[in-house]
Amino acid sequence: MSLKETVSNPYSKWLDASGPESDVIISSRVRIARNLVGYPFPHLLGYDNADKIIYAVQSAILSSTIQKAVGELELSRMTELSPTERQILVEKHLISPDMLEHPEKRAVVLSTNEVVGIMVNEEDHLRIQCLLPGLQLKECWELANSVDDGLEQILDFAFTEEMGYLTSCPTNVGTGLRASVMLHLPALVMTQQINSILTTLSKLGLTVRGLYGEGTQATGNLFQVSNQVTLGLTEDEIIDNLIMVAMQLVTQERAARRALYKEQKYQIEDRVWRAYGLLKYARTITSMDAMNLLSDLRLGVDLNIIPNIPRGLVMELIVMTRPAFLNKLKGEELNPAQRDIYRATLIREKLNSLSS
Amino acid sequence: MLCDRCQKRPAQVHFTQVINNTKKQMSLCTVCAAEMQAESMAAFPQLNLHDFLAGLINHHFTGNQLQTKAIPQVSCEKCGATEAQVAKSGLFGCSECYSQFGQRVKPLLKRIHGSSRHTGKVPRRTGGKAIITKEIRILKGQLQEAINQEEFEKAARLRDRIKELEQQLQ
């Protein structure tokens, strides 16, 4: 699939709900930051040097080691994409919102299945990332690591024995590794256990954020948990640590779901069916309402309250009903009120096509 | 005045959006304003982590805030970034800055990560001595393990290999 096709397709591999522990864990992601020796970091980088780095990455991704590990990779400069297409890559979690600034200095590399990507000249010269459905942090790290091995044969990465990989921001120095899992925790929110859990996580050196990264709210009961420390631990230690915590959260969430369903069967069923009804028949729906109702629907699917709805569909709808995606699907720039109407139409069509 | 978006509730908030350099102003009710904000969250700027970090770096670079004597400013010979710039942005200018700003970097890393020594992956082609150092560290761990298990033959093999590697380092 070319990058142009990628942006017009709401489906990404990470939305596929077939991964391990996928009743709670939506996706796993690993990102490693790398910088080239001899160039200023991106925030001080001129156009000429930015170009040189893009060319260097472009030739390096042709390496046979990488192609063997992850398949074909395609590089696109941000300027080759329309503003809507760029925004869609953000909504699909394939690039960070920061990539939207200074597009003339930036490029993105994606594998055909969207699992592996490299952001070029974001905060660091390279940010290699890997995104898979369910709890697959080890697999993500292995893939990202093999891309790194392949690139490293050609590119000189800034590294010192003592401090490890050097990065623009000192919070990423060392392994340059940030691993995260995205979790759907409706029952822990409903039973009001979430706050004490979040406090505990921060004591374990982990950060919790909303769906779209730093500074965003946890709408739709979706939380992203990631490691904070990147220096002094090995990559395997960081990954194992996060897996252990993620499994704890899975256990807690499952227990809370069972308890809720047992003690408040009718309230839960009512909530789920109401969400289903609203999504199926509403004529206008805001982005936030959609996220929250889809969260309830997903809980209903996971608890087998509503049969015949594929798990992946709920996440696909969340991505599909984000503002830029709606514009893309409609083929025109919609105002918020028009978007709310179109969002409701799309959700209705998707859900009704299932039941017919 | 009614809300521009829902046309139902009274407008109470002035909402300004800048998209591709065009400024759009709307008068919204509190409900719609909250929703609009959630909608545009995908493009929200990062929480001010960098400002926070900048403060931290500033502290490490300037030391005692109450000092009255002017401190000579160090700047990176490679990229020209000054301490003041690094302290302001929270970002280093280039990979050389880490050695150029020398002894002031280590305590900063320690404060952020609780450690200032890398123990993770070493690049194979350019890693140089670091690869050997890392192997020695792993072998030493295995040696201790072998001794604990009283596997002395294995321990002897490991000890010889460590010696060999240590000679390579010199």
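Residues numbered from 1 in each chain as written. Chains lettered and ligands numbered in written order. Predicted model: local features only at pLDDT ≥ 70, side-chain atom pairs only at ≥ 80, totals over all residues. Heavy atoms only, no water.

- Chain B is annotated in an unreviewed UniProt entry as UVR domain-containing protein of Desulforamulus ferrireducens.

- An unreviewed UniProt entry annotates chain A as Protein-arginine kinase originating from Desulforamulus ferrireducens.
- Comment text from UniProt for chain A, heading Function (unreviewed entry), reads "Catalyzes the specific phosphorylation of arginine residues in proteins."
- Among the UniProt annotations of chain A, the heading Sequence similarities (unreviewed entry) holds the following wording: "Belongs to the ATP:guanido phosphotransferase family." (UniProt positions renumbered as here; feature names shortened; annotations may be inferred.)

## Details of the overall build of chain B
- When helices and strands are tallied, chain B shows seven helices and two strands.
- Counting from the amino terminus, helix and strand elements in chain B follow one another as β-β-α-α-α-α-α-α-α.
- A burial count over chain B gives 35% of its 170 residues as buried.
- The contacts of chain B with a sequence gap of at least 6 include a subset with a gap of at least 24, amounting to 35%.
- When the accessible surface of chain B is split by element, carbon and sulfur atoms take 51% of a total near 10,800 Å². (Helix = DSSP H or I, 4+ residues; strand = E, 2+ residues; numbered from the N terminus. Buried < 20%, exposed > 50% of the residue type's maximum accessible area, 1.4 Å probe, protein only. Contact = heavy atoms within 4.5 Å. Areas by Shrake-Rupley, 256 points an atom, 1.4 Å probe, with all protein chains shown as cover.)

## What about the UniProt feature "domain: UVR" (unreviewed entry) in chain B?
- UniProt records the feature "domain: UVR" (unreviewed entry) at residues 133-168 of chain B, using the numbering of this structure.
- Secondary structure content for residues 133-168 of chain B is 92% helix and 0% strand, and the end C-alpha separation is 10 Å.

## Let's talk about helix α5 (residues 105-113) of chain B
All names here are of chain B.
- Among all positions of α5, only Val105, Leu108, Leu109 and His113 are buried. End-on view of α5: buried residues confined to an arc of 110°, all on one side of the axis.
- Just past α5, the residue Gly114 takes up positive phi, approximately 80°. (Arc of directions from axis to C-beta.)

## Focus on the pairing of strand β10 (residues 222-227) of chain A
Residues and elements named next belong to chain A.
- The buried count for β10 comes to six of six residues, which makes it a mostly enclosed element.
- Burial along β10 is two-sided: the face carrying Leu222, Gln224 and Ser226 and the face carrying Phe223, Val225 and Asn227 are both buried.
- Inspection of the sheet shows strand β8 (residues 177-184) paired to β10 by five bridges, in the antiparallel sense. Residue pairing in the sheet places His184 in a bridge with Leu222 of β10. (Pairing = 2+ DSSP bridges.)

## Brief notes about the state of the cysteines
Residues and elements named next belong to chain B.
- Using the criterion set out here, one finds zero disulfides over all chains in the structure.
- Left without a disulfide partner, Cys6 is nearest to the cysteine sulfur of Cys3, which lies 3.7 Å away.
- Its relative accessible area of 17% is what places Cys6 among the buried residues. (Disulfide = S-S within 2.5 Å.)

## A short note on empty space enclosed by the protein
- Inspection of the entire model under this criterion finds seven cavities of 30 Å³ or more.
- By volume, the largest cavity is sized at about 70 Å³.
- In terms of lining, the largest cavity is formed by Phe159(A), Glu161(A), Arg117(B), His118(B), Thr119(B), Gly120(B), Val122(B), Ala130(B), Thr133(B), Lys134(B) and Arg137(B).
- The dominant element in the lining of the largest cavity, judged by the number of residues it contributes, is helix α6 (residues 129-148) of chain B, at four residues. (1 Å grid on protein atoms, 1.4 Å probe; cavity = no way out; pocket = protein on both sides within 12 Å on 5 of 7 lines; lining within 4 Å. Points joined across faces, edges and corners; volume = space filled by probe spheres on them.)

## Things to note about the packing of aromatic side chains
- Per the counting criterion, the structure on display carries four aromatic pairs over all chains.
- Residues Phe92(B) and Phe101(B) carry aromatic rings whose centres are separated by 6.3 Å and whose planes lie at 35° to one another, so their mutual orientation is tilted. For the pair formed by Phe92(B) and Phe101(B), the shared burial category is buried.
- Positioned over the ring face of Tyr55(A) is Arg77(A), at 5.5 Å from the centre of the ring.
- Taking the ring centre of Tyr266(A) as reference, the NZ or CZ of Lys265(A) above it sits at 5.5 Å. (Phe/Tyr/Trp six-rings, centres within 6.5 Å; stacked < 30°, edge-to-face > 60°. Lys NZ or Arg CZ within 6 Å of the ring centre and 35° of its normal.)

## Some remarks on the domain arrangement of chain A
Residues and elements named next belong to chain A.
- Here the domain parsing of chain A yields domain 1 (3-253) and domain 2 (254-353).
- Between domain 1 and domain 2, the C-alpha centre-to-centre distance is 27 Å.
- If you look at the interface, domain 1 gives 36 residues, while domain 2 gives 26 residues.
- Overall, the association of domain 1 and domain 2 removes approximately 2,800 Å² of surface from exposure, summing both partners, and the carbon and sulfur fraction of that is 65%.
- Seen at the junction of domain 1 and domain 2, the total is four salt bridges.
- The residue Glu85 makes a salt bridge to Lys328 at a minimum N-O spacing of 3.6 Å.
- Linking domain 1 to domain 2 there are 21 residue pairs in polar contact (both at pLDDT 80 or more). (Domains from an automatic or database assignment. Buried area = accessible area lost by both parts, 1.4 Å probe. Salt bridge = Lys/Arg side-chain N within 4 Å of Asp/Glu carboxyl O. Polar contact = N/O pair within 3.5 Å; in protein donor to acceptor, adjacent residues only side chain to side chain.)

## What about the nonpolar core?
- By size, the foremost hydrophobic cluster in this structure holds 96 residues, and its most contacted members are Val30(A), Ile118(A), Leu137(A), Leu151(A), Leu297(A) and Leu351(A).
- When residues of this core are assigned to their parent elements, the largest contribution, 10 residues, is made by helix α8 (residues 235-263) of chain A.
- When residues are assigned to domains, this core turns out to be shared by domain 1 (3-253) and domain 2 (254-353) of chain A, each giving three or more.
- Ala158(A), Ala81(B), Cys94(B) and Cys97(B) belong to the second-largest nonpolar core, a separate cluster that totals 19 residues. (Core = buried A, V, L, I, M, F, W, Y, C linked by side-chain atoms within 4.5 Å.)

## Considering the interface of chain A and chain B
- Every contact between the two is made by 63 residues of chain A and, on the other side, 48 residues of chain B.
- Summed over both sides, the interface of chain A with chain B buries roughly 4,600 Å², with 58% coming from carbon and sulfur.
- On the surface where chain A and chain B come into contact, there are six salt bridges.
- Between Asp148(A) and Lys121(B) there is a salt bridge whose closest N-O contact spans 2.6 Å.
- At the surface where chain A touches chain B, the tally comes to 19 residue pairs in polar contact (both at pLDDT 80 or more).
- Mapped onto the side of chain A that touches chain B, the elements with two or more residues apiece are α4 (83-91), α5 (137-152), β7 (164-165), α10 (287-302) and α13 (336-355) of chain A.
- Grouping the constituent residues of the side of chain A that touches chain B by class yields 28 nonpolar, 20 polar and 15 charged. (Nonpolar A, V, L, I, M, F, W, Y, C, P; charged D, E, K, R; others polar.)

## Quick word on helix α2 (residues 47-60) of chain A
All names here are of chain A.
- Helix length check: α2 (14 residues) gives 20 Å between terminal C-alpha atoms against 20 Å at 1.5 Å per residue, within 8%.
- Listed as buried for α2 are Ala50, Ile53, Ile54, Val57 and Ala60. Down the axis of α2, the buried set is contained in an arc of 130°. They therefore lie on one face. Away from its buried face by more than 90 degrees, α2 exposes Tyr47, Asp48 and Tyr55.
- Considering only its buried residues, α2 is in contact with α3 (64-70), β2 (73-77), β3 (107-111), β4 (116-120), β5 (126-133) and α5. (Expected span 1.5 Å × (residues − 1).)

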